[in-house]
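# Examining the three-dimensional arrangement
Each chain, letter by letter, is given below.
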2 protein chains.
Amino acid sequence: MTKPLNPPIFATPEDVETAFYDAIEKQDVDALMACWSEEEEVVCVHPTGQQLTGLTAIRESWQAVLGSASFRISVTPVAHWQGMLMALHHQLEMLLVGKEETPHGPLHVTQSFIRGAHGWRLTSRHASAAGEPGEALPESNSHTLH
Amino acid sequence: MTKPLNPPIFATPEDVETAFYDAIEKQDVDALMACWSEEEEVVCVHPTGQQLTGLTAIRESWQAVLGSASFRISVTPVAHWQGMLMALHHQLEMLLVGKEETPHGPLHVTQSFIRGAHGWRLTSRHASAAGEPGEALPESNSHTLH
């Protein structure tokens, strides 16, 4: 696995999250992987229901995702919990794929962060589609969910 | 909302979790709600994609769920992170509904906990179905996921 020579320092969970979404938008797998903890267990659940554990599996999966299309993600916070060494963000994501103008989503996303040697890092991301079977949420109603 | 006169003291996140699954099995909404924090924001995402915020919405939803059927849940831990005041459990759940003998699932579940005045309490639960569209995971393969 490629390890950055100078790992970035993220002073807050919000800094990691900004870097994470920037990396997705730039389709930059190295920058995206620099957001994940190298000291802790890491888990990523994609909205497809696929679960990945460990940096190698997470890298390979995001390489495939970012190689297939570009994404822009807009985030609506739902709830944040912040401790000295751990933080948790629960939020809604809307996705713009490639040059499409109609957003996909919303996704429910729970992301957790731990503070380590190089500041804050992502330890888990759990994303899943919103809406109930047979009761799909109109995309324009996403603001009523929080 | 009914508030228990003597709120239980949960010494660890594991104690809350055990009480939570016991309450589901016993279809006891009061016991289930005693697991949630009354001091923090609370969020629950059901595997249907429905998101609930706040104790009132969470109680009503679980009242409907537990009123419709009994559940037994078996849990396979995937990753745990534990701090002084916050903890996060990521795990797989298999569900036995009523007297059925074939389990449903697995579900990916992320649960977060915060330590407060009465010990540890649940602050968020995010559950979603495992498996990719067109690539359903055979239930017997759930052990290969972690």
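Starting from 1, residues in each chain are numbered consecutively following that chain's sequence as written. Both sets of labels track the order of writing: A upward for chains, 1 upward for ligands. A pLDDT threshold of at least 70 governs which residues receive local features in this predicted model, and a stricter bar of 80 or more applies before side-chain atom pairs are shown or counted, although totals over entire chains, interfaces and linings include all residues. Neither water nor hydrogens contribute to the side-chain values; these are computed over all heavy atoms in the structure.

## So, the relation of the copies chain B and chain A
To superpose the copies, least squares is applied to the C-alpha atoms of every residue with a pLDDT of at least 70 in both. At an RMSD of 0.0 Å, chain B and chain A line up after a rotation of 180 degrees and a shift of 0.0 Å along the axis. Classification of the inter-copy transformation places it as that of a two-fold axis. By definition in these notes, contact holds between two residues if any of their heavy atoms fall within 4.5 Å. Comparing interface residues between copies, 100% of those in chain B also lie at the interface in chain A; the contact surface is shared.

## Describing the interface of chain B and chain A
Taken together, the 36 residues of chain B in the interface contact 37 residues of chain A. Both faces combined, the contact of chain B with chain A buries some 2700 Å², and carbon together with sulfur accounts for 60% of it. What counts as buried area is the accessible surface, traced by a 1.4 Å probe, that two parts surrender upon association, with contributions from both included. A per-residue breakdown of the area chain B buries against chain A is headed by Q51, W81 and M86 of chain B, which together make up 25% of the total. Counted as salt bridges are all cases of a side-chain nitrogen of Lys or Arg within 4 Å of a carboxyl oxygen of Asp or Glu. At the boundary of chain B and chain A, one finds zero salt bridges. Two N or O atoms form a polar contact when they lie within 3.5 Å of each other; inside protein one atom must be a possible hydrogen donor and the other a possible acceptor, and for residues adjacent in sequence the pair counts only when both atoms belong to side chains. Between the two partners, chain B and chain A, sit 14 residue pairs in polar contact (both at pLDDT 80 or more). By definition, any uninterrupted DSSP run of H or I lasting at least four residues is a helix, any uninterrupted run of E lasting at least two residues is a strand, and each is numbered from the N terminus. Within the residue set of the side of chain B that touches chain A, elements represented by two or more residues are β1 (43-45), β2 (51-53), β3 (71-82), β4 (86-97), β5 (104-116) and β6 (119-129) of chain B. Each residue gets one of three labels, nonpolar for Ala, Val, Leu, Ile, Met, Phe, Trp, Tyr, Cys and Pro, charged for Asp, Glu, Lys and Arg, and polar for the others, Gly among them. Its residues assigned to classes, the side of chain B that touches chain A comprises 16 nonpolar, 17 polar and three charged.

## Here's the deal with the confidence of the model for chain A
Low pLDDT means the predicted atomic positions in that stretch should not be read closely. All names here are of chain A. Each residue carries a pLDDT value, the predictor's own confidence for that position, ranging from 0 to 100. Within chain A, residue pLDDT values average 88, and 86% of them lie at 70 or more. Contacts for the low-pLDDT stretch residues 133-146, under 50 throughout, to residues beyond four places or in other chains number 22 contacts. At the level of chain-chain contacts, confidence expressed as ipTM amounts to 0.86, with global pTM at 0.87.

## Some thoughts on the pairing of strand β3 (residues 71-82) of chain A
Residue and element names in this part refer to chain A. Only when DSSP finds a minimum of two bridges between them are two strands counted as paired. By the bridge criterion, 11 bridges tie β3 to strand β4 (residues 86-97) in an arrangement that is antiparallel. Each bridged residue has a counterpart across the sheet, and for R72 the counterpart in β4 is L96. Counting the residues between successive antiparallel strands, the hairpin from β3 to β4 contains three residues.

## Considering the sheet that holds β5 of chain B
Residues and elements named next belong to chain B. Across the sheet, which stays open at both edges, the six strands sit in the order β2-β1-β6-β5-β4-β3 with mixed pairing between neighbours. In this open sheet, the two strands that pair with only one neighbour each are β2 and β3. Taking the axes of each pair of neighbouring strands and ignoring which way they run, one obtains an average angle of 25 degrees across the sheet. Looking at chain direction, β1 and β2 are connected through three bridges and run antiparallel. The residue bridging V45 from the neighbouring strand is Q51, located in β2. To define axes, lines are fitted to C-alpha atoms, for helices over the stretch in contact only, and angles between the resulting N-to-C directions are given on a 0 to 180 degree scale.

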